[in-house]
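Chains, contacts and geometry: an overview
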Amino acid sequence: MLEGSASTEPAAEIVRRLTDQGIDIVRIGYPDLIGTERGKDVLVERLPDVMEHGVAFCRAVYYTSPQADVVPVPGGLDQGLPDISIRPDLSTLVPLPWEPGVAACLGDTVDPAEGGPFPEAPREVVRAAATRLAELGLTGVVGPELEYFLLEPDGSGGWRRYDDAPGNVYVAGTKGDRGSHILRTLRALRPMDLGVTMGNHEFSGGQFEINLHHGEAVDAADRAFRFKSAIKELARRDGLLATFMAKPFNDEGGSGFHAHLSCADAAGRNVFADPAGPYGLSQTAMYAIGGVLAHAPALAALLNPTINSYKRFGPDTLAPWLIDWGLDNRSAMVRVPPERGAASRFEVRLGDASANPYIGIAGLLAAAYLGIRDRVEPPAPLEGYGYDTSRSPMLPSSLPEALDALAADDALGEVLGKEFTTAYLAYKRNEVERFSQFVTDWEFREYAYHL
């Protein structure tokens, strides 16, 4: 973090302090609906005006597809493309180690017409879910784990897996990372206060994982979002492509967004711990697990948000396929690691790396809140290897199926907010429609010659 306390300083003092530290540009970034970072660079002397009035963006930016289609979500095109306002959250201001003179912060979204927070903004959605959990006297604590593939140019205008070789599973050093990507990335991210702790080559060729320390849920979402943006930026600077796409290759597994979840009381004690409880877990923990299982079909729409996401699922993938939980069992959707006491938690393995961290974490908080509030008991834990459909129900097998489950889950939608849920469903159903009209390489290869 930058020196000083930006959240309480007068604007002129903030400008003076930043200038003294060699900062002449402040970058304000915010997530759109799918987790892409949008933003604006501001000259430091213009910061006081931006602090007071914000910076205007077209509201439809929230609904822009990766290919720059403006998706017709209510409140955008149909309202004549109105503005929203982004206000810098200077408590998140950090220097960018790879861009001298630039400090970056997150922005909060304000609806100029109403003067209050924009309810469809992902940061507001996770805050709203955290607020509901706080009604029970609880704070959600989340530890994000994100996997990604690093790609290099293939010489013909495409991309291939970086340093691709079989068998480099969980290795460190140059054996699976000839350019020391992990070492350089850990060192670059250390000053950004993202809670980066460690990293390694993952299971698949060219795949990596960097772990983030656990923390309060909104802060964890902030750090996971900034982490993804930073990884992609650092890769571009090396002439590489980092992708958090769920399953980019037919011959390799996918990339997960695993989230470790626990809850703390007002005194900071982990309320999931109970040595006398079943499996060493408290009744609160069991209810939270029950809530995540009960709302899993709808959660899939948030944590597995793309057409591609559902190609990561299936038997023997170590990605979930069924709605189940187990004790230190990686074939289950929810895994309870072996640590107990202050480290009691459960790991939700449902999410893939393409998920917007704000929306995914908001969904988990909402499901845990509903489970605890409604005293939802989970079934018996999975024993042995999973993927047996006679023992547990299946997760949605496609994005349309998951979206239907989200639309039908009134309780989860109420916690997340009607405005957000309506916008998200409209955006994602348009994505399904666009895909259904697109001719893929598979179709041409399968049909063109013989039919």
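This one's a predicted model, so the numbers in the text were calculated from it and none came from an experiment.

Secondary structure summary: the protein chain contains 12 helices and 15 strands in total. Whereas a compact globule of 451 residues would reach a radius of gyration of roughly 22 Å, the protein chain reaches 22 Å, a difference of no more than 12%. Oriented by its inertia axes, the alpha-carbon framework of the protein chain measures out at about 65 × 60 × 50 Å. Looking at the protein chain residue by residue over its 451 residues, the buried ones come to 56%. Taking the contacts inside the protein chain whose residues are at least 6 apart along the sequence as the reference set, 69% of them involve residues at least 24 apart. Entry remark: accessible area of the protein chain is about 19400 Å², with carbon and sulfur atoms responsible for 53%. Of the side chains in the protein chain, 41 bear a positive and 62 a negative charge, and the two mean positions are spaced by 3 Å.

So, on to the nonpolar core. In this structure, F227, F346 and L412 are the most contacted members of the largest nonpolar core, which totals 131 residues. Considering every element that reaches this core, the biggest residue donor is helix α8 (residues 357–374), with 12 residues. Apart from residues lying up to four places away in sequence, L412 is in contact with H295, A298, L299, L302, G363, A366, A367, L370 and L406.

The next subject is the sheet that holds strand β2 (residues 37–43). Note on sheets: strands pair through backbone hydrogen bonds, and any given pair is parallel or antiparallel. Strand order across the open sheet formed by 5 strands is β2-β1-β5-β4-β3, with mixed pairing between neighbours. Unpaired on one side and paired on the other, β2 and β3 (55–58) mark the two borders of the sheet. Each strand of the sheet is rotated relative to its neighbour by a mean of 40°, with strand direction disregarded. Inspection of the sheet shows β3 paired to strand β4 (residues 83–95) by 4 bridges, in the antiparallel sense. Its bridge partner being in β4, F57 is matched across the sheet by I84. Each of β1 (25–31), β2, β4 and β5 (102–110) is contacted by helix α5 (residues 217–237), which is oriented at about 125° to β5, the strand it contacts most.

A few words now on the packing of helix α6 (residues 283–294) against helix α7 (residues 296–303). Between two packed helices, what matters for the description is the angle formed by their axes and the separation of those axes. Packing of α6 against α7 brings their axes to within 5 Å, and their N-to-C directions diverge by 75°. Taken as axis vectors, α6 and α7 run roughly perpendicular relative to one another. For the pair α6 and α7, contact is made by V292, L293 and A294 and by A296, P297 and L299, respectively. Looking at side-chain class alone, the contact of α6 with α7 contains 6 nonpolar, no polar and no charged residues.

UniProt annotation of "domain: GS catalytic" (unreviewed entry) refers to residues 122–451 when read in the numbering used here. Span residues 122–451 is 38% helix and 16% strand, its end C-alpha atoms 46 Å apart.

With that settled, the discussion passes to the packing of aromatic side chains. Using the criterion set out here, one finds 15 aromatic pairs in the structure. Taking 5.5 Å as the distance between ring centres and 50° as the angle between the ring planes, the aromatic pair formed by F225 and Y358 counts as tilted. Residue F225 is located in helix α5, and its partner Y358 is located in helix α8; the two are separated by 133 residues in the primary sequence. Residue F225 is classed as buried on the basis of its relative accessible area, which comes to 1%. Centroid distance F420 to Y424: 5.5 Å. Interplanar angle 35°. Geometry classified as tilted. With F420 and Y424 both in helix α11 (residues 418–436) and 4 residues apart, the pair spans about one turn of that helix. These aromatic residues form a ring-pair network of at least three members: Y148, Y162, F208, F227 and F244. Positioned above the aromatic ring of F249 is the side chain of R161, whose terminal nitrogen or guanidinium carbon lies 4.6 Å from the ring centre.

Further remarks concern the packing of α6 against α8. Their axes nearest at 7 Å, the elements α6 and α8 cross at an angle of 125°. By the angle between their directions, the pair α6 and α8 is classed as oblique. Here α6 runs over α8; the crossing is right-handed. Residues T284, Y287, A288, G291 and V292 of α6 form the contact with α8, whose own contacting residues are A367, A368, G371 and I372. Within the contact of α6 with α8, the residues separate by chemical class into 6 nonpolar, 3 polar and no charged.

Below, the discussion takes up the side chain of K247. As for its placement among the helices and strands, K247 is situated in the loop between β11 (241–243) and β12 (257–264). Here K247 sits buried without a salt bridge, and the closest side chain of opposite charge, D251, lies 7.0 Å off (N-O distance). At 2.3 Å, the side chain of K247 and the backbone oxygen of E252 are in polar contact. If we ignore the near neighbours within four places in the chain, the residues touching K247 are E252, G253, G254, N308, K311 and R312.

This paragraph deals with unusual backbone geometry. Positive phi, close to 45°, is recorded for D163, a residue that is not glycine. The backbone of S180 sits at a positive phi, close to 55°, despite the residue not being glycine. Tracing the backbone shows S180 in the loop between β7 (159–161) and α4 (181–189).

Take helix α1 (residues 11–20) next. All of the buried residues in α1 are I14, V15, R17 and L18. The buried residues of α1 occupy an angular sector of 165° when projected down its axis, which confines them to one face. Those residues of α1 that are exposed and angled more than 90 degrees off the buried face are A12 and D20. At the exit of α1 stands G22, carrying a positive phi of roughly 85°.

In this section: the pairing of strand β9 (residues 207–212). Counting buried positions along β9 gives 6 out of 6 residues, so the element sits mostly inside the fold. Burial along β9 is two-sided: Q207, E209 and N211 facing one way and F208, I210 and L212 facing the other are all buried. As defined by bridge partners, strand β6 (residues 139–153) adjoins β9 across 5 bridges and the pair is classed as antiparallel. Pairing of E147 across the sheet is with E209, part of β9. Across 5 bridges, the pairing between strand β8 (residues 196–201) and β9 is antiparallel. Within the sheet, the bridge partner assigned to G199 lies in β9 and is I210. Count of turn residues in the β8/β9 antiparallel hairpin: 5 residues, of which G206 carries a positive phi of about 75°.

Reading the values: the criteria
- Residues numbered from 1 in each chain as written.
- Predicted model: local features only at pLDDT ≥ 70, side-chain atom pairs only at ≥ 80, totals over all residues.
- Heavy atoms only, no water.
- Helix = DSSP H or I, 4+ residues; strand = E, 2+ residues; numbered from the N terminus.
- Rg over C-alpha atoms; globule rule 2.2 N^0.38 Å.
- Buried < 20%, exposed > 50% of the residue type's maximum accessible area, 1.4 Å probe, protein only.
- Contact = heavy atoms within 4.5 Å.
- Areas by Shrake-Rupley, 256 points an atom, 1.4 Å probe, with all protein chains shown as cover.
- Lys, Arg positive; Asp, Glu negative; His and termini not counted.
- Charge placed at Lys NZ, Arg CZ, Asp CG, Glu CD.
- Core = buried A, V, L, I, M, F, W, Y, C linked by side-chain atoms within 4.5 Å.
- Pairing = 2+ DSSP bridges.
- Axes fitted to C-alpha atoms, helices over the stretch in contact; angles between N-to-C directions.
- Parallel < 35°, antiparallel > 145°, perpendicular 65-115°, else oblique.
- Nonpolar A, V, L, I, M, F, W, Y, C, P; charged D, E, K, R; others polar.
- UniProt positions renumbered as here; feature names shortened; annotations may be inferred.
- Phe/Tyr/Trp six-rings, centres within 6.5 Å; stacked < 30°, edge-to-face > 60°.
- Lys NZ or Arg CZ within 6 Å of the ring centre and 35° of its normal.
- Left-handed = near helix turned anticlockwise from the far one by under 90°.
- Salt bridge = Lys/Arg side-chain N within 4 Å of Asp/Glu carboxyl O.
- Polar contact = N/O pair within 3.5 Å; in protein donor to acceptor, adjacent residues only side chain to side chain.
- Arc of directions from axis to C-beta.

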